[in-house]
Amino acid sequence: MEKQTIPTYLTEGIDRQKNPQLEEIAEFIEQLLEWHKGDIANYLTEGIPKQDPETLEAIQEQISEQMERNLEITEDDLPDNAEPVDDELESFDVERDELDIASGSSVYVYSQRRNCNKPHCSCNNGKGHGPYLYAYFRGPDGRLKSKYLSKH
């Protein structure tokens, strides 16, 4: 049998399976990944001291780039009705230190309309209340957070 990569084996093999078999495969993969989490972390941490300085610098650069990507806020992260505002956080009565911001995360100010969800309120016509200004940023856990700043 010719040696195949796991992704090729899985994608070709899964296409031929029936639904009950797919569920068993999915459970097996989840168990395998859970079991290997610790092994992979150990493999990486044990291997790092064995690297030469150039490789360590490359690893450090890759980790820094990945951390920056994890802190970025994209349009997909924000609510659909959030509109960017040119104002800086310093324009408001909020200090960066007051927010629970991840180190290296940027803070973006967005204008947004909100619905109060009261059944007969005029905000249900699609316009919403506001606009209100919110600061969006990444928290220490990497999750997107927002803080109300003011009415626009």
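Residues numbered from 1 in each chain as written. Predicted model: local features only at pLDDT ≥ 70, side-chain atom pairs only at ≥ 80, totals over all residues. Heavy atoms only, no water.

Undergrad: What should I look at first to understand the overall build of the chain in this one?
TA: Secondary structure assignment for the chain yields three helices and four strands. In the chain, the proportion of contacts linking residues at least 24 apart, taken out of those at least 6 apart, comes to 49%. As displayed, the chain has an accessible area near 12,300 Å², and 49% of this comes from carbon and sulfur atoms. (Helix = DSSP H or I, 4+ residues; strand = E, 2+ residues; numbered from the N terminus. Contact = heavy atoms within 4.5 Å. Areas by Shrake-Rupley, 256 points an atom, 1.4 Å probe, with all protein chains shown as cover.)

Undergrad: Honestly, the packing of aromatic side chains in this entry has me stumped. Any pointers?
TA: Two measures describe an aromatic ring pair: the distance that separates the ring centres and the angle between the ring planes. Summed over the entire model, instances satisfying the criterion amount to three aromatic pairs. The interplanar angle of 85 degrees and the centroid separation of 5.8 Å between the aromatic rings of Tyr110 and Tyr136 together place this pair among those described as edge-to-face. Taken together, the residues Tyr110 in strand S2 (residues 108-114) and Tyr136 in strand S3 (residues 129-138) connect sequence positions 26 residues apart. Classification of Tyr110 as buried rests on a relative accessible area of 7%. Accessibility expressed as a relative area gives 3% for Tyr136, which makes it buried. Note on Tyr134 and Tyr148: the rings are 5.8 Å apart at their centroids and 75 degrees apart in plane angle, and the pair reads as edge-to-face. Placement of the pair is Tyr134 in strand S3 and Tyr148 in strand S4 (residues 144-151), with a sequence separation of 14 residues. Overall, the relative accessible area of 9% leaves Tyr134 in the buried class. On the basis of relative accessible area, Tyr148 is assigned to the partly exposed category, the value being 42%. In this structure, Arg114 packs its charged tip against the face of Tyr134, placed 4.1 Å from the ring centre. (Phe/Tyr/Trp six-rings, centres within 6.5 Å; stacked < 30°, edge-to-face > 60°. Buried < 20%, exposed > 50% of the residue type's maximum accessible area, 1.4 Å probe, protein only. Lys NZ or Arg CZ within 6 Å of the ring centre and 35° of its normal.)

Undergrad: Would you mind showing me how to read the sheet that holds S3 here?
TA: Backbone hydrogen bonds are what pair the strands of a sheet, in a parallel or an antiparallel way. The strand order across the open sheet built from four strands is S1-S2-S3-S4, with neighbouring strands paired in antiparallel fashion. A strand with exactly one partner marks an edge of an open sheet, and here the two such strands are strand S1 (83-84) and S4. (Pairing = 2+ DSSP bridges.)

Undergrad: Help me understand the pairing of S2 in this model?
TA: Each regular strand displays side chains that alternate between the two surfaces of the sheet. Here S1 pairs with S2 via two bridges, running antiparallel. Paired with Glu83 across the bridge in S2 is Ser111. Relative to S3, S2 runs antiparallel, the two being bridged by six bridges. Note on S3: the bridge partner recorded for Ser111 is Leu133.

Undergrad: Help me out: how do you make sense of the side chain of Arg138 in this one?
TA: As for its placement among the helices and strands, Arg138 is situated in strand S3. On the accessibility criterion, Arg138 (9% relative accessible area) is buried. A polar atom in the side chain of Arg138 sits 2.7 Å from the side chain of Asp77. Residues in contact with Arg138, not counting those within four places in the same chain, are Asn70, Leu71, Glu72, Ile73, Asp77, Asp100, Ile101, Ala102, Ser105, Arg143 and Leu144. (Polar contact = N/O pair within 3.5 Å; in protein donor to acceptor, adjacent residues only side chain to side chain.)

Undergrad: When you look at helix H3 (residues 53-71) in this model, what are you seeing that I'm missing?
TA: Every α-helical turn comprises 3.6 residues, leaving residues that sit three or four positions apart pointing alike. Along its 19 residues, H3 runs 27 Å from first to last C-alpha, staying within 8% of the 27 Å computed at 1.5 Å per residue. At the N-terminal end of H3, a side-chain oxygen is found 3.1 Å from the backbone nitrogen of Glu54, two or three residues along, and the residue is Asp52. (Expected span 1.5 Å × (residues − 1).)

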